[in-house]
Amino acid sequence: MSVKLLNNPRRVWLGIALTCLGLLSFGMYLQHVVGLAPCPMCIVQRYAMVLMGLVALLGTFVSSRTPTLMVGGCVVLLAEGGAYVAARQSMLQWNPPETVSCGRDFYGMIETFPLKQAIPMIFKGSGDCTTVDWLFLGGSIANWSFVAFLVMGTLALVTTLRVLRPKSMAAQSGSEA
């Protein structure tokens, strides 16, 4: 039954969009209710999640093959980018650098430095990026963010590959099930 859901890309895109909305809402809860301040790498992950959600939401309104493939490709790329940042932050949390510099916040970097210099500074991570303020089942926010990006990216990739299959192969696999 769950494999049949992958046959309808619009449902998959809606599921991804709703998952992004839920995760972003939880992030806002942690920030504004619990009081956890996001680090620069967290903010980059949020941007990737917002873009993924918007692209996936856009995908719920298209039904032809080419736009569906474009939506799938964009969601996969955004998930890869978000997963990379989350993995980098997880690595910094597990192996913090010996000299920790809190540095500037995300917006201060963007306002002060040209984008060419600010991007490497963000990915270098600051002292805030190495701090683990919240755990769930032994995983930090960055760890769970990585898992979320990985799952949604894999789901988008599988859905996109299923759309790419020739109609004759899709009909054969449908009759075998």
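Details of the structure are given in the entry above.
Everything numeric in this text was worked out from a predicted model, so none of it was measured. (Residues numbered from 1 in each chain as written. Predicted model: local features only at pLDDT ≥ 70, side-chain atom pairs only at ≥ 80, totals over all residues. Heavy atoms only, no water.)

Draft legend 1. Highlighting the overall build of the protein. Assigned secondary structure in the protein consists of nine helices and two strands. Counting from the amino terminus, helix and strand elements in the protein follow one another as α-α-α-α-α-α-α-β-β-α-α. Relative to its full complement of 177 residues, the protein shows a buried share of 36%. Nonlocal contacts in the protein, meaning residues at least 24 apart in sequence, comprise 81% of its contacts between residues at least 6 apart. When the accessible surface of the protein is summed, it comes to about 10800 Å², and 67% of that surface belongs to carbon and sulfur atoms. (Helix = DSSP H or I, 4+ residues; strand = E, 2+ residues; numbered from the N terminus. Buried < 20%, exposed > 50% of the residue type's maximum accessible area, 1.4 Å probe, protein only. Contact = heavy atoms within 4.5 Å. Areas by Shrake-Rupley, 256 points an atom, 1.4 Å probe, with all protein chains shown as cover.)

Draft legend 2. Geometry of the environment of glycine 81. Mapped onto the elements of the fold, glycine 81 is located in helix H4 (residues 65-94). The spacing of glycine 81 and methionine 49 is 32 residues in sequence and 9.8 Å in space, taken between C-alpha atoms.

Draft legend 3. Region of interest: the side chain of threonine 60. Considering the arrangement of structural elements, one finds threonine 60 in the loop between helix H3 (40-59) and H4. Among the residues examined, threonine 60 registers a relative accessible area of 12% and is labelled buried. Ignoring anything within four residues of it in the chain, the contact list for threonine 60 reads Arg10, Trp13 and Leu14.

Draft legend 4. Just the packing of H3 against helix H8 (residues 141-164), in detail. Running from N to C, H3 and H8 cross one another at 25°; their axes reach a closest spacing of 12 Å. Viewed along their axes, H3 and H8 adopt a mutual orientation that is roughly parallel. In this structure, H3 meets H8 at a crossing whose hand is left-handed. Each of Gln45, Ala48, Met49 and Met52 in H3 lies in contact with H8, whose residues at this interface are Ala142, Ser145, Phe149 and Met152. A breakdown of the residues in the contact of H3 with H8 according to their chemical character gives six nonpolar, two polar and no charged. (Axes fitted to C-alpha atoms, helices over the stretch in contact; angles between N-to-C directions. Parallel < 35°, antiparallel > 145°, perpendicular 65-115°, else oblique. Left-handed = near helix turned anticlockwise from the far one by under 90°. Nonpolar A, V, L, I, M, F, W, Y, C, P; charged D, E, K, R; others polar.)

Draft legend 5. Seen up close, helix H2 (residues 9-34). For H2, which comprises 26 residues, the first-to-last C-alpha distance of 36 Å matches the rise-based estimate of 38 Å (1.5 Å per residue) to within 8%. Residues of H2 that are buried include every one of Pro9, Val12, Trp13, Ile16, Ala17, Cys20, Leu24, Gly27 and Leu30, and no others. (Expected span 1.5 Å × (residues − 1).)

Draft legend 6. Fine view of a nonpolar patch on the surface. A contiguous nonpolar patch, built from Leu14, Leu18, Leu21, Val50, Leu51, Leu54, Leu57 and Phe61 and spanning about 770 Å² of accessible area, is present on the exposed surface. Of all the secondary structure elements, the ones that give two or more residues to the nonpolar patch are H2 and H3. For the nonpolar patch, the element with the highest residue contribution is H3, accounting for four residues. By secondary structure assignment, the location of phenylalanine 61 is in the loop between H3 and H4. (Patch = residues over 30% accessible without salt bridge, like charges linked within 9 Å, V, L, I, M, F, W, Y side chains within 5 Å. Salt bridge = Lys/Arg side-chain N within 4 Å of Asp/Glu carboxyl O.)

Draft legend 7. Highlighting the packing of H2 against H3. Axis separation between H2 and H3 bottoms out at 8 Å; the angle between their running directions is 150°. Taken together, the axis directions place H2 and H3 in an arrangement best described as roughly antiparallel. When the axes of H2 and H3 are compared, the crossing they make is left-handed. Along the contact surface, H2 presents Arg10, Trp13, Ile16, Ala17, Cys20, Leu23, Leu24, Gly27, Met28 and Gln31, while H3 presents Arg46, Met49, Val50, Met52, Gly53, Ala56, Leu57 and Gly59. A class-by-class count of the residues in the contact of H2 with H3 yields twelve nonpolar, four polar and two charged.

Draft legend 8. The nonpolar core, seen in detail. Trp13, Ile16, Met52, Val75 and Met152 are the most contacted members of the largest nonpolar core, which has 21 residues in total. Looking at this core, the elements that each hand over two or more residues are H2, H3, H4 and H8. With six residues, the single largest contributor to this core is H2. If we skip the residues at most four places from it in the chain, methionine 52 touches Ile16, Cys20, Val75, Leu78, Ala79, Phe149 and Met152. Counting residues in each nonpolar core, the second largest holds six residues, with Cys39, Cys42, Val44 and Val85 among its members. (Core = buried A, V, L, I, M, F, W, Y, C linked by side-chain atoms within 4.5 Å.)

Everything listed here is a matter of geometry and, on its own, says nothing about what the molecule does.
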